[in-house]
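Residue strings, one per chain:
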Amino acid sequence: MGGRDKPALPVGGMPMRERVLAAVADAAPRILVGPADAVPGDVLVTRERPPGGGPVAATAAGLALVPPDTTTVALLAADLPLLTREAVGVLLRALHPEPDGAPPRGHVADGPDGVCLLDDRGRRQPLCGVWRAAALRDALARVIGRRGGTPEGASMRELLAELRVRDLPWSGSGPPPWFDCDTDSDVRRAEEWTR
């Protein structure tokens, strides 16, 4: 998109990254990986190394700030302007199907390591999902180990190959929460959905 700070582009009067942060408003901590001039005060900001090192490098940078006792993390792209708290709740309930949606205590041998939404073409959206933090950390360590100690350039496909992933088609109401904005026409389409 011409080198612009894509997540800072507004959709429905609000920058895309702020819309994503609003979808996880009750998470603690909330961590943003990437350049950011103005974010809510409770949001931690970090950068992947090197900057532009890819989504796995960004995942590593974000996970480094997640407290070790955290059981569940959401891994979300900052260009998902249609993501809602409802959609994040659906993902959490799919990962933790307990009646209250809370993570189970202790080790979970069965069940997926994470849940990702599928787009309307049946493609997995790895940056629109929730994960068991320990499983994600372990998978990341294996990928980094194979790559000589760096996540730079690793693909999400490589990381997800280390995990048991449940793919979840979106069946909720409203526009598709997995919709990401890669072009100006995507931004215009998202704007139409928010009207």
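Everything that follows concerns the structure shown earlier in this document.
Note that the structure is predicted; figures quoted are calculated from it, not measured.

**Concerning the overall build of the protein**
What the protein contains, in helices and strands, is 6 helices and 8 strands. For the protein, the spread of C-alpha atoms along the principal axes amounts to about 45 × 40 × 35 Å. For the protein, the residues scored as buried account for 42% of the 195 residues in total. For the protein, contacts bridging at least 24 residues in sequence account for 62% of all contacts bridging at least 6. Just so you have it, the protein exposes about 10,100 Å², and 52% of that area is on carbon and sulfur atoms. Between the averaged position of the 24 positive side-chain charges in the protein and that of its 26 negative side-chain charges there is a distance of 1 Å.

**So, the packing of aromatic side chains**
Summed over the entire model, instances satisfying the criterion amount to 1 aromatic pair. Taking 5.0 Å as the distance between ring centres and 80 degrees as the angle between the ring planes, the aromatic pair formed by Phe-179 and Trp-193 counts as edge-to-face. Taken together, the residues span a long stretch of sequence, with Phe-179 in the loop between strand S8 (165-169) and helix H6 (184-194) and Trp-193 in helix H6 at a distance of 14 residues. Taking the relative accessible area as the measure of exposure, Phe-179 reaches 6% and is therefore buried. Since its relative accessible area comes to 32%, Trp-193 is described here as partly exposed.

**Here we look at helix H3 (residues 85-95)**
All of the buried residues along H3 are Ala-87, Val-88, Gly-89, Leu-91, Ala-94 and Leu-95. For H3, the elements touching its buried residues are helix H1 (16-23), strand S5 (72-76), strand S6 (114-118), strand S7 (124-132) and S8.

**Digging into the packing of helix H2 (residues 55-63) against helix H4 (residues 133-146)**
The description of two packed helices rests on the angle between their axes and on the distance between the axes. Where H2 meets H4, the closest approach of the two axes is 11 Å, and the angle between their N-to-C directions is 130 degrees. As judged from the angle between their axes, H2 and H4 are oblique. Of the two possible hands of crossing, H2 and H4 adopt the one that is left-handed. Touching Val-56, Thr-59, Ala-60 and Leu-63 of H2 are Leu-136, Arg-137, Leu-140 and Ile-144, all from H4. When the residues that make up the contact of H2 with H4 are grouped by side-chain class, the tally is 6 nonpolar, 1 polar and 1 charged.

**Observations concerning H2**
In terms of burial, H2 is a largely internal element, 8 of the 9 residues being buried. Inspection of H2 places Val-56, Ala-57, Ala-58, Thr-59, Ala-60, Ala-61, Gly-62 and Leu-63 among the buried residues, and these make up the whole buried set. Against the buried residues of H2 lie strand S3 (30-33), strand S4 (43-46), S5, H4 and helix H5 (156-160).

**Some words on unusual backbone geometry**
Of note, the amide linkage connecting Ala-28 to Pro-29 takes the cis form, showing an omega dihedral of -5 degrees. By the element assignment, Pro-29 lies in the loop between H1 and S3. A cis amide bond, omega -10 degrees, links Arg-49 with the succeeding residue Pro-50. On the secondary structure map, Pro-50 appears in the loop between S4 and H2.

**Side note on the sheet that holds S5**
Pairing in this open sheet of 4 strands is mixed, and the strands run S5-S7-S6-S8 from one edge to the other. Only two strands of the sheet have a single neighbouring strand rather than two, namely S5 and S8. For this sheet the average axis-to-axis angle between neighbouring strands, irrespective of direction, equals 25 degrees. With 5 bridges connecting them, S5 and S7 associate as antiparallel partners. Looking across to S7, one finds that Ala-74 is bridged to Val-130.

About the thresholds
- Residues numbered from 1 in each chain as written.
- Predicted model: local features only at pLDDT ≥ 70, side-chain atom pairs only at ≥ 80, totals over all residues.
- Heavy atoms only, no water.
- Helix = DSSP H or I, 4+ residues; strand = E, 2+ residues; numbered from the N terminus.
- Buried < 20%, exposed > 50% of the residue type's maximum accessible area, 1.4 Å probe, protein only.
- Contact = heavy atoms within 4.5 Å.
- Areas by Shrake-Rupley, 256 points an atom, 1.4 Å probe, with all protein chains shown as cover.
- Lys, Arg positive; Asp, Glu negative; His and termini not counted.
- Charge placed at Lys NZ, Arg CZ, Asp CG, Glu CD.
- Phe/Tyr/Trp six-rings, centres within 6.5 Å; stacked < 30°, edge-to-face > 60°.
- Axes fitted to C-alpha atoms, helices over the stretch in contact; angles between N-to-C directions.
- Parallel < 35°, antiparallel > 145°, perpendicular 65-115°, else oblique.
- Left-handed = near helix turned anticlockwise from the far one by under 90°.
- Nonpolar A, V, L, I, M, F, W, Y, C, P; charged D, E, K, R; others polar.
- Pairing = 2+ DSSP bridges.

Distances and angles like these do not, on their own, reveal function.
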